[in-house]
Amino acid sequence: MFSRRNAYGDDQTVLIDWSFVGYGVLGEDIINLVLDSVFLLFVNGSSLIPLEKLVLEGYLAGLRSAGWNGDECVVRFTYTALAALHFGLIVGRLLKIVQNESRHSWLEQRFGRTFDDIIAARAIAITHGLELADEARLLLRFL
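Analysis parameters
- Residues numbered from 1 in each chain as written.
- Predicted model: local features only at pLDDT ≥ 70, side-chain atom pairs only at ≥ 80, totals over all residues.
- Heavy atoms only, no water.
- Axes fitted to C-alpha atoms, helices over the stretch in contact; angles between N-to-C directions.
- Helix = DSSP H or I, 4+ residues; strand = E, 2+ residues; numbered from the N terminus.
- Parallel < 35°, antiparallel > 145°, perpendicular 65-115°, else oblique.
- Left-handed = near helix turned anticlockwise from the far one by under 90°.
- Contact = heavy atoms within 4.5 Å.
- Nonpolar A, V, L, I, M, F, W, Y, C, P; charged D, E, K, R; others polar.
- Phe/Tyr/Trp six-rings, centres within 6.5 Å; stacked < 30°, edge-to-face > 60°.
- Buried < 20%, exposed > 50% of the residue type's maximum accessible area, 1.4 Å probe, protein only.
- Lys NZ or Arg CZ within 6 Å of the ring centre and 35° of its normal.
- Polar contact = N/O pair within 3.5 Å; in protein donor to acceptor, adjacent residues only side chain to side chain.
- Patch = residues over 30% accessible without salt bridge, like charges linked within 9 Å, V, L, I, M, F, W, Y side chains within 5 Å.
- Areas by Shrake-Rupley, 256 points an atom, 1.4 Å probe, with all protein chains shown as cover.
- Salt bridge = Lys/Arg side-chain N within 4 Å of Asp/Glu carboxyl O.

Peer 1: In this structure, what is going on with the packing of helix α2 (residues 48-65) against helix α5 (residues 115-140)? I would like to understand it.
Peer 2: Helix-helix packing is described using two parameters, namely the angle between the two axes and the distance between the axes. Viewed as axis vectors pointing N to C, α2 and α5 meet at an angle of 55 degrees, and their least axial separation amounts to 12 Å. With respect to their mutual orientation, α2 and α5 come out oblique. For the pair α2 and α5, the sense of crossing is right-handed. Only Ile124, Ala125, His128 and Leu132 of α5 make contact with α2, whose side of the interface consists of Leu48, Ile49 and Glu52. A per-class count over the contact of α2 with α5 returns five nonpolar, one polar and one charged.

Written out as structure tokens, the structure is:
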């Protein structure tokens, strides 16, 4: 956590998540922030699109304020393509969880939600991740 003054001179607390720190391409690191927030039930699935928009806008603004002058389509393409790959690969794990009834109660205890709620949230994140593949295909034409 960092303390700073915002553009209006007000105190602001900024949280930095270093759990996936390392080298990566622009846009890759926000996949976990957006889609995993829904997948892990930190954010309601109905908020996924507004969260995605907010995070991408903030991410691009941060890059610009740090002096980056690149093409925003590159960031958006990376985000969409890698989200589709990442969440497309999770589908198999989700099916195993659904089939393994001995894990249902453990998940309910861990998340404090019903198994149906857990699976619904994960399905929303996975479906959206896979839908982003279509956008990635369109963006690829402009790169």
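Moving on from the coordinates now.
Peer 1: Help me understand unusual backbone geometry in this model?
Peer 2: If a residue is not glycine, its phi is most likely negative; likewise, a peptide bond is most likely trans. Phi angles above zero are rare outside glycine, and Leu41 is one such case at about 65 degrees. Structurally, Leu41 can be placed in the loop between α1 (30-39) and α2.

Peer 1: Honestly, the packing of aromatic side chains in this entry has me stumped. Any pointers?
Peer 2: For any pair of aromatic rings, geometry is given as the distance between the ring centres together with the angle between the planes. In total, this model carries one aromatic pair according to the counting rule given. Ring plane angle 70 degrees and centroid distance 5.9 Å describe the contact between Phe39 and Phe87, whose orientation is recorded as edge-to-face. In this pair, Phe39 sits in helix α1 while Phe87 sits in helix α3 (residues 72-99), placing the two residues 48 residues apart along the sequence. Phe87 matches Phe39 in its accessibility class, with the two residues each being buried. Geometry around Trp106 places Arg103 over its ring, the cationic atom sitting 4.5 Å from the centre.

Peer 1: Any chance you could explain the environment of Arg5 here in plain terms?
Peer 2: As for its position among the elements, Arg5 is in strand β1 (residues 2-5). With a relative accessible area of 57%, Arg5 lands in the exposed category. Dropping the residues within four chain positions of it, Arg5 is found in contact with Asp10 and Asp11. Here the side chain of Arg5 touches Gly9 through a polar contact of 3.5 Å, landing on its backbone oxygen. At 2.5 Å, the side chain of Arg5 and the side chain of Asp11 are in polar contact.

Peer 1: Is there a simple way to explain a nonpolar patch on the surface in this structure?
Peer 2: Among the surface-exposed residues, Phe2, Ile16, Trp18 and Val21 lie close enough to one another that they form a single nonpolar patch of about 450 Å² accessible area. Secondary-structure assignment places Trp18 in the loop between β2 (11-14) and α1.

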